[in-house]
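Single-letter residue listing:
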Amino acid sequence: MKTATGVSVIRNGQLVLGTGAKPIPDGVLVIDDGRIRYAGPAATAPQVSPGQTIDARGGTIMPGLIEAHFHPTYFNVMALEDLDVKYPVEYVTLLAAANAKLALECGYTAARSGGSLFNIDVWLKKALENDLMPGPRLAASGREICGVGGLMDWNPDFRKIGMEGLVLLVNGPVEARAAVRKLVKDGVEWVKTYPTGDAAAPDTNDHHTLCMTLEEMNAVVQTAHNHGLKVTGHCRANEGIKNALRAGYDTLEHGTFMDAEALDLLMQRNTPVIPALFFEMASLERGPGIGMSEVILDGHKECLEGGAESARMI
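Basis of the calculations
- Residues numbered from 1 in each chain as written.
- Predicted model: local features only at pLDDT ≥ 70, side-chain atom pairs only at ≥ 80, totals over all residues.
- Heavy atoms only, no water.
- Helix = DSSP H or I, 4+ residues; strand = E, 2+ residues; numbered from the N terminus.
- Rg over C-alpha atoms; globule rule 2.2 N^0.38 Å.
- Buried < 20%, exposed > 50% of the residue type's maximum accessible area, 1.4 Å probe, protein only.
- Contact = heavy atoms within 4.5 Å.
- Lys, Arg positive; Asp, Glu negative; His and termini not counted.
- Charge placed at Lys NZ, Arg CZ, Asp CG, Glu CD.
- Arc of directions from axis to C-beta.
- Polar contact = N/O pair within 3.5 Å; in protein donor to acceptor, adjacent residues only side chain to side chain.
- Pairing = 2+ DSSP bridges.
- Axes fitted to C-alpha atoms, helices over the stretch in contact; angles between N-to-C directions.
- Core = buried A, V, L, I, M, F, W, Y, C linked by side-chain atoms within 4.5 Å.
- Disulfide = S-S within 2.5 Å.
- Parallel < 35°, antiparallel > 145°, perpendicular 65-115°, else oblique.
- Left-handed = near helix turned anticlockwise from the far one by under 90°.
- Nonpolar A, V, L, I, M, F, W, Y, C, P; charged D, E, K, R; others polar.

Colleague: Explain the overall build of the protein to me, using residue names and the numbers behind them.
Modeller: Within the protein, the secondary structure is distributed over 8 helices and 14 strands. Computed over its C-alpha atoms, the radius of gyration of the protein comes to 21 Å, within 12% of the 20 Å expected for a compact globule of 314 residues. Once the C-alpha set of the protein is aligned to its principal axes, its extents read approximately 70 × 45 × 45 Å. Relative to its full complement of 314 residues, the protein shows a buried share of 46%. Long-range contacts, defined here as pairs at least 24 residues apart, represent 61% of the contacts in the protein between residues at least 6 apart. With 28 positive and 38 negative side-chain charges, the protein shows a spacing of 7 Å between the two charge centroids.

Structural data, given as structure tokens:
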């Protein structure tokens, strides 16, 4: 990404350093050619001739946020089918660029993709790095991996359209290894999997359902780590969480329904968890207005409560 030139000063705000230190009430940030030269009290700030001065107007000056679970190609999703058949890939690419710009405008200067239609995030990352558009620094995941008949395999065979654009479907560890190898060629950094279901699919793969076997998950981790990639997974069901930890996942997404054994495994392995609870809250707040069914809303309510409790435990 292109680095800013010249000297910029941000003043008149509470400064949060992001180090755990207490906020500085009257803080100043001095940026010189895209690098932070000073961050501290206004009283001891260096004398500079800024090309640009930004008045924080009593607000908070803080480091850029990191969105650790970002789906750049998701847009106006009410049902799972909206993820792969609602828009053509050309339009989804434009939507991903708009989402990247929005993320940056919301204060996110870095993001990790949690999966992307047609590997668009891989190319979005390249475009961002080449300064073709505004957006956060991005770690790409490309297409996700899920077991056949699992959460992300909803198109029935009679449609004959498959799921190749969104996910790589696997049956057994051999196919799991092959799926990772495809992603290696595509240039991803994180391998995203679906060990469990979700409230969005209450009839087939709800939030207590397993969508991958431990053997498949082991194969994914071993192959990914062999190529220097990291692995994460959509983990709601308790047994799916424990399988991911046993397999050696590098992070867990959601970690919704954890028991004491899962918590012990998590602590032993020191594995980060991204709860992503706002997804559940937003579904409950806005779902009724867009016609989300009662059974799905009930599932999201259970996930919000369970996810919050798991987060408190962690």
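Colleague: If you had to explain unusual backbone geometry to someone new, which residues and values would you point to?
Modeller: Backbone geometry at Phe118 places phi at a positive 55°, although glycine is not the residue there. Despite not being glycine, His254 has its phi angle at roughly 80°, a positive value.

Colleague: Now, about helix α6 (residues 260–269): what can you tell me, with residues and values included?
Modeller: All of the buried residues in α6 are Ala262, Leu263, Leu265 and Leu266. In an axial view of α6, the angular spread of the buried residues amounts to 160°, which keeps them on one side of the axis. Opposite the buried face of α6, by more than 90 degrees, sit the exposed residues Ala260 and Gln268. On its buried face, α6 sits against α5 (238–247), β13 (252–254), β14 (273–274) and α8 (294–313). Looking at where α6 begins, the residue whose side-chain oxygen comes 3.2 Å from the main-chain nitrogen of Glu261 is Asp259.

Colleague: Requested: an account of the sheet that holds strand β6 (residues 65–70), with residues and values cited.
Modeller: Here we have 3 strands laid out as an open sheet, ordered β6-β7-β8, and parallel in their pairing. Of all strands in the sheet, those with a lone pairing partner are β6 and β8 (137–139), marking the two edges. If you compare each strand with its neighbour and ignore which way they point, the axes differ by 15° on average. Where β6 lies against strand β7 (residues 108–113), 4 bridges are found, and the strand directions are parallel. Across the sheet, residue Leu65 finds its bridge partner in β7, namely Tyr108.

Colleague: Report on helix α2 (residues 120–129), specifying residues and quantitative values.
Modeller: Counting buried positions along α2 yields 7 of 10 residues, so the element is predominantly enclosed. Among all positions of α2, only Ile120, Asp121, Val122, Leu124, Lys125, Ala127 and Leu128 are buried. The inward-facing, buried residues of α2 abut α1 (89–105), β7, β8 and α3 (173–186). Note on α2: the residue one or two positions beyond its end, Asp131, has a positive phi of about 60°.

Colleague: Residues and numbers for the nonpolar core, please.
Modeller: Judged by nonpolar contacts, the single largest core of 32 residues is most densely connected at Ile145, Val191, Val220, Tyr249 and Leu252. Listed by contribution, the elements that provide at least two residues to this core are β10 (167–170), α3, α4 (214–226), β12 (230–235), α5 and α6. Sort the elements by how many residues they give to this core and α4 lands first, with 5 residues. In contact with Val220, other than residues within four places in its own chain, are Ile145, Ala176, Val180, Val191, Thr193, Met212 and Val231.

Colleague: Got a sec to walk through the state of the cysteines? Specific residues and values, please.
Modeller: The full count for this structure, using the stated rule, is 0 disulfides. Sulfur of Cys146: no disulfide; nearest cysteine sulfur belongs to Cys211 and is 5.0 Å away. Here Cys146 falls in the buried class, since its relative accessible area comes to 0%.

Colleague: Outline the packing of α5 against α6, supporting the account with residue identities and numerical values.
Modeller: Interaxial distance between α5 and α6 falls to 9 Å at its minimum, and their mutual angle equals 25°. When the axes of α5 and α6 are compared, the pair comes out roughly parallel. With respect to the hand of their crossing, α5 and α6 are arranged in left-handed fashion. Counted together, Asn238, Ile241, Lys242, Leu245 and Arg246 of α5 and Glu261, Ala262, Leu265, Leu266 and Arg269 of α6 form the full contact between these two elements. By residue class, the composition of the contact of α5 with α6 is 5 nonpolar, 1 polar and 4 charged.

Colleague: Tell me what's going on with the environment of Met152, and back it up with residues and numbers.
Modeller: Within the secondary structure layout, Met152 lies in the loop between β9 (144–147) and β10. A C-alpha to C-alpha distance of 8.5 Å links Met152 and Gly197, two positions 45 residues apart in sequence. Once residues within four sequence positions are removed from consideration, Met152 is found in contact with Tyr74, Leu83, Glu144, Cys146, Met163, Leu166, Val167 and Tyr194.

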